Amino acid sequence: MTIWILVLVLLASVTALGYRQGSVRVSFSLVGILLGMVLALPLAPWLNPVLAFLGVKHPVLAWLLPPVVAFWIINGLFKAAAVPVHKKVDIFFKYRASDLHRALFERLNARLGACLGLVNGTLYTLLVCMGIYIFGYWTTQLADSEQDPWAVRLFNRMARDLEETRLTRVARALDPLPERYYDAADLAGLLFHNPLLEARLARYPAILEIAERPELQGFAQDLSYAQLRQSRAPLREVLAHPQVSALFQNTDLLREIWSTLEPDLEDLVAYLETGKSAKYDREPILGVWAFDFPTAFTLYRKANPRMTALQLRDARKHLSGIFLNTSLVVAPSGFVALKNYPITRTPKPGETGPATEHRTLTGRWQSEGGQYILRFQHDGQTLEWPVEVSPERLQIPSANPPLAFERDAV
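Notes on the structure follow. Starting afresh in each chain, residues are numbered from 1 along the sequence in its written order. Under the rules for a predicted model, residues below a pLDDT of 70 receive no local features and side-chain atom pairs below 80 are neither given nor counted, while totals for whole chains, interfaces and linings still include all residues. Only heavy atoms go into the side-chain values, all of them from the structure, while hydrogens and water stay out.

### Regarding the overall build of the chain
Step number 1: Think of it this way: any DSSP run of H or I at least four residues long counts as a helix, any run of E at least two long counts as a strand, and we number them from the N terminus. Secondary structure assignment for the chain yields 17 helices and eight strands.
Step number 2: For the radius of gyration, the atoms used are the C-alpha atoms, and the globule rule reads 2.2 Å times the number of residues raised to 0.38. Taken over the C-alpha trace, the chain has a radius of gyration of 32 Å; the compact-globule value for 410 residues is 22 Å, which it surpasses by more than 25%.
Step number 3: Reported as C-alpha extents along the three principal axes, the dimensions of the chain are approximately 120 × 45 × 40 Å.
Step number 4: Only protein chains enter the accessibility calculation, which uses a 1.4 Å probe; a residue is then buried when its area is under 20% of its type maximum, exposed when over 50%, and partly exposed in between. Within the chain, buried positions represent 39% of all 410 residues.
Step number 5: Sequence-distant contacts, at least 24 apart, represent 64% of the contacts inside the chain between residues at least 6 apart.
Step number 6: Accessible areas in this description were obtained via Shrake-Rupley with a 1.4 Å probe; residue shielding takes into account the shown protein chains only. Within the structure as shown, the chain displays about 23,700 Å² of accessible surface, and the carbon and sulfur contribution to it stands at 60%.
Step number 7: Of the charged side chains in the chain, 42 are positive and 39 negative, and the gap between their average positions amounts to 6 Å. Here, two residues are considered to be in contact whenever any of their heavy atoms come within 4.5 Å of each other. Asp and Glu are treated as the negative residues and Lys and Arg as the positive ones, with His and the ends of the chain left uncounted. A charge is said to be at NZ when it belongs to Lys, at CZ for Arg, at CG for Asp and at CD for Glu.

Shown next, in the form of structure tokens:
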């Protein structure tokens, strides 16, 4: 069992070191370990600016290093303070005490040092087990069998051994992290092993507005990333992809994504598994809507009852072309985006007639008197459209031409 080998090596090495160093230095180390365990997390925020100044910008390292550095700074200070004290005690027994007292002290110092070293080794073992449990929860979730580096496979083996030996009970007792940390690991594992769920993730209502950012839109447009995920590439290759690497360097965006998703992690996991959100399904307008041309053209015919069959045929051909990629995004924050909306513009020199260009209109939505209202700003004018919504259909009869959408579910 790898975990027992690690425990025995730690206990034996630190006990032997305690026997060699003596009780004075080992007792200082013991106090340093205990204070480091207590103060590492409270002092971590003070080290964040220092590590950022030194160039530590990766979000994982920026979260991991501060408490570890704080622990070793405290421990190091006590180890440094132990050296002059040890020298004074050693000089006293070497030059001022009798040979008998010196011999007795050296024997007591070594044996007591070994006992205290065993205590230190036990504390180090508990800290190592806690570290294996905390990080192993992530690495085992994101493991990819034999394609992972040998170091990752060894670490995952120790994490599994920790569970089998039930030392996880000790690790959980010391674990300072909230339950959200482990919920996030479950979410990451679910997405990593099910690449197709990424499309459903992008349609989760809480993240719809953030998903419209150019930094995230690039994932949907990058064929190399899609091929990488569909081929179930190892995690290290996914993290090395330019899109993913750029995202991890954008710490502000990562914090915004986390702060948005953290309150809804349980609902998000249920949404990814079932396509239903207990929290957001109560607001039927929320979601991504794809243009529904047959319904929209039916509304167009009702709005223009005097058009001839030839005119309707020409209108059908024209409208089906310009609304091909039109979609609507409605987020819980009140954000709404009408994407690829065709707008007629003045013809440029050399063009025979009015041309159509596609734009993305962003605005706000709200519910007034039980009815939804969409408001957009376009060329200095306010477009205000009442909306008719059913669970699977959304219609805007007052638009020109009338618009209709169907829910785009994955």
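That was the structure; now back to the text.
### Here's the deal with the layout of surface pockets
Step number 1: Buriedness for pockets is judged along seven lines, at least five of which must meet protein on both sides within 12 Å for an open set on the 1 Å grid over protein atoms alone, while cavities are sets there where a 1.4 Å probe fits but cannot get out, and lining residues have an atom within 4 Å of a point. Grid points are joined across faces, edges and corners, and a volume is the space filled by probe spheres set on the points. If you add up the space inside the second largest pocket, you get close to 760 Å³.
Step number 2: Together, 24 residues line the second largest pocket, and Ala 40, Leu 64, Pro 67, Val 68 and Met 130 are the ones closest to its centre.
Step number 3: Elements with a contribution of two residues or more to the lining of the second largest pocket: α2 (23-53), α3 (59-95) and α4 (99-141).
Step number 4: The biggest single contributor to the lining of the second largest pocket is α3, with eight residues.
Step number 5: Gly is put with the polar residues, along with every residue not named as nonpolar or charged; the nonpolar set is Ala, Val, Leu, Ile, Met, Phe, Trp, Tyr, Cys and Pro, and the charged set is Asp, Glu, Lys and Arg. Among the residues making up the lining of the second largest pocket, the classes are represented as 22 nonpolar, two polar and no charged.

### A few points about the pairing of strand β7 (residues 393-396)
Step number 1: A pair of strands counts as paired when DSSP detects no fewer than two bridges linking them. Relative to β7, strand β6 (residues 381-389) is paired through two bridges, and the arrangement is antiparallel. Counted as the bridge partner of Val 389 is Leu 394 from β7.
Step number 2: The turn linking β6 back onto β7 is made up of three residues.
Step number 3: Sheet topology note: the β7/strand β8 (residues 403-407) ladder contains four bridges and is antiparallel. In the strand pairing of β8, Gln 395 is matched with Ala 404.
Step number 4: Linking two consecutive strands that pair antiparallel, namely β7 and β8, is a turn of six residues.

### Re unusual backbone geometry
Step number 1: Cis geometry marks the peptide bond from Asn 400 to Pro 401; its omega dihedral reads 0 degrees.
Step number 2: Within the secondary structure, Pro 401 sits in the loop between β7 and β8.
Step number 3: A positive phi angle, close to 65 degrees, is found at Arg 166, a residue other than glycine.
Step number 4: Mapped onto the fold, Arg 166 is located in the loop between α5 (150-164) and α6 (168-174).
Step number 5: With a phi close to 55 degrees, Arg 232 is a non-glycine residue in the positive phi region.
Step number 6: The topology assignment puts Arg 232 in the loop between α11 (223-230) and α12 (235-240).
Step number 7: Under the relative-accessibility criterion, Arg 232 is labelled partly exposed at 46%.

### Considering α11
Step number 1: Listed in full, the buried residues belonging to α11 are Tyr 225, Leu 228 and Arg 229. Taken end-on, α11 shows its buried residues confined to a sector of 95 degrees, consistent with a single buried face. Exposed residues lying more than 90 degrees from the buried face of α11 are Leu 223, Gln 227 and Gln 230.
Step number 2: Those residues of α11 hidden inside the fold are in contact with α7 (179-193), α8 (197-201), α10 (214-221), α12 and α13 (242-249). For this quantity, the arc is that covered by the directions from the helix axis to the C-beta atoms.

### Some points on the packing of α4 against α5
Step number 1: Geometry is summarised by axes, namely lines fitted to C-alpha atoms with helices restricted to the contacting stretch, and by angles between N-to-C directions that run from 0 to 180 degrees. Relative to each other, α4 and α5 sit at 115 degrees, their axes nearing to 9 Å. Accordingly, the angle class assigned to the pair α4 and α5 is roughly perpendicular. Two packed elements cross with a definite hand, and for α4 against α5 that hand is left-handed. Residue-level contacts link Cys 129, Gly 131, Ile 132, Tyr 133, Phe 135, Gly 136, Thr 139 and Thr 140 of α4 to Phe 155, Asn 156, Met 158, Ala 159 and Leu 162 of α5.
Step number 2: Split by residue class, the contact of α4 with α5 holds eight nonpolar, five polar and no charged. Here the word oblique covers every angle except those under 35 degrees (roughly parallel), over 145 (roughly antiparallel) and from 65 to 115 (roughly perpendicular). Less than a right angle of anticlockwise turn of the near helix away from the far helix marks a crossing as left-handed, whereas a clockwise turn marks it as right-handed.

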